[in-house]
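Commentary on secondary and tertiary structure
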Amino acid sequence: MNVDTISDFLAEQRDQAPEELQPLVLEFETLWERKLWHQLTNLLLDFFNNPGSAPQRLQFYKVFILKFADKINQLKLVDLALKAATQCRDNQERLSFLEAVVKKVDDEDSQDAYVFATIAVARVKLDLSDLDGARKDLDTAERILDNFDSVESVVHAAFYDTNANYFQAKSDSGSYYKNALLYLACIDVKSLSVEEQRQRAYNLAIAALVSSSIYNFGELLLHPILDALTIDDRHKWLHQLLFAFNRGDLAAYDLLASHISSDPLLAQHTRQLREKIYLAALTEAVFRRPPHDRAMSFSTIANETKVHPDEIEHLIMKALSLDLLRGTIDQVDEVAHINWVQPKVLDMKQIENMRQRLQEWDSSVDKLGNWIEGVGQDVWA
């Protein structure tokens, strides 16, 4: 676009802007002339955050903002550039635009902005299915982030979200789960739309279930994002399924199993899900027992988990190898001696079971005290 002066450009843009945004454009010129860069930057962010500014963002960035780009906060410069990039014609144009932004902020004093822009480039490469290129950019960003003492949460959020998208594209459910939760830790969940909350909760739940490295869903079960699955009836079953796994509830699993085929990824992992619920049933059976009564025969475990007797030893060894349980196996007498079970989040039913155990313990302590008092009367005297 050919303009003689910044004033001409701003006058033209003011005329094109929606009526409610015209006062902001008018103020831009005043702040520009007075060289009040901080105030101008914040006002530009207000302008760019308004949906009505969308058609003008690219022109504002290229013609106006780049005139004083070196004088403003570089992280905010990248923020403005990212908002402008949404108006590029396609991903290829967006990639070229953002790569130029990366070069613009590649300075020793603005490494946070450089990381922020590099992550944005990685995100576009993911959209273009360039997974190797995205991984290279994310690794570069991570190396720099690891050397920061502190950085704006928006940068960390962008990194974890893009990293999660990368691992989702690579079908690495465990890494996706970890990074998606870290992203949610960097933001206010309420800032997400209801539909985005629901989609993220759904993806996290599926990842937790199908991952071969996740057997404890505690962090997800405690996260408010999971409530999004209960908003409508479509996905309540998934919410219930997670809690069924958490408490090792085989009956609830069998009732909900008909829904598994509705999700292609779950359907592909039917056998693995069955093994997971058996392991959950085993750890729950151990957890319900008091610490002094955790020597369990194979037949008892078979009865508790509904696993075929011939497969019990393999099940216990699997639980030990995953560090869900600790103990030993007596193969001759077919007894598992368990001395530790991995802690987990408890639902109300499990809390009630623990309350009953505490009452039983309290009662046994009272009985022991009465017995000692009765047999030791002469000693006490």
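Look up a bit, the structure's there.
Residues numbered from 1 in each chain as written. Predicted model: local features only at pLDDT ≥ 70, side-chain atom pairs only at ≥ 80, totals over all residues. Heavy atoms only, no water.

**Structural notes on the overall build of the chain**
Which entries qualify depends on this criterion: Runs of H or I in DSSP of at least four residues are treated as helices and runs of E of at least two as strands, each being numbered from the N terminus. C-alpha atoms define the radius of gyration, and 2.2 Å times the number of residues to the power 0.38 defines the globule rule. For every residue, the accessible area obtained with a 1.4 Å probe (protein chains only) is divided by the maximum for its type, and the residue is called buried under 20%, exposed over 50%, and partly exposed between those limits. The contact criterion used throughout is that any non-hydrogen atoms of two residues lie within 4.5 Å. All accessible areas in this document rest on Shrake-Rupley with a 1.4 Å probe, and a residue is counted as covered only by the protein chains that are shown. Here the positive residues are Lys and Arg and the negative ones are Asp and Glu; neither His nor the chain ends is included. Taken as the charge centre is NZ of Lys, CZ of Arg, CG of Asp or CD of Glu, depending on the residue.
Of regular secondary structure, the chain possesses 20 helices and 3 strands. Here the C-alpha radius of gyration of the chain, 29 Å, is well above what a compact globule of 381 residues would show, namely 21 Å. Viewed in the frame of its principal axes, the chain has a C-alpha envelope of about 105 × 60 × 40 Å. When burial is assessed residue by residue, the chain has 45% of its 381 residues classed as buried. Nonlocal contacts in the chain, meaning residues at least 24 apart in sequence, comprise 60% of its contacts between residues at least 6 apart. Surface summary for the chain: the accessible area is close to 20,400 Å², and the carbon and sulfur share equals 49%. Charge separation in the chain, taken as the distance between the mean sites of 40 positive and 59 negative side-chain charges, equals 2 Å.

**Topic: the nonpolar core**
Generally speaking, nonpolar side chains in soluble globular proteins are found buried as a group. What counts, and what does not: Residues belong to one nonpolar core when they are buried, are Ala, Val, Leu, Ile, Met, Phe, Trp, Tyr or Cys, and are joined through side-chain atoms within 4.5 Å.
The biggest cluster of nonpolar side chains holds 122 residues, and the ones touching the most others in it are Phe28, Leu44, Phe60, Phe64 and Phe97. For phenylalanine 97, the contacting residues outside a window of four places in its chain are Leu58, Tyr61, Lys62, Ala81, Ala84, Ala85 and Cys88.

**Focus: the sheet that holds strand E3 (residues 335-341)**
Note the following rule: Two strands pair if DSSP finds at least two bridges between them. Axes, fitted as lines to C-alpha atoms, cover a helix only where it is in contact. Angles between the N-to-C directions of the axes lie from 0 to 180 degrees.
Ordered by their spatial adjacency, 3 strands build an open sheet running E1-E3-E2, and the pairing between neighbours is antiparallel. Each having just a single partner strand, strand E1 (295-297) and strand E2 (325-330) make up the two edges of the open sheet. Strand-to-strand, the axes of this sheet are offset by a mean angle of 25 degrees, without reference to chain direction. In the sheet, E1 pairs with E3 via 3 bridges, with the strands oriented antiparallel. Bridge pairing in E3 places serine 297 opposite valine 335. Against the sheet, helix H17 (residues 298-305) engages E1, E2 and E3, with an angle of about 80 degrees to E1. Sheet strands in contact with helix H18 (residues 312-321) are E2 and E3, and its direction is about 145 degrees off that of E2.

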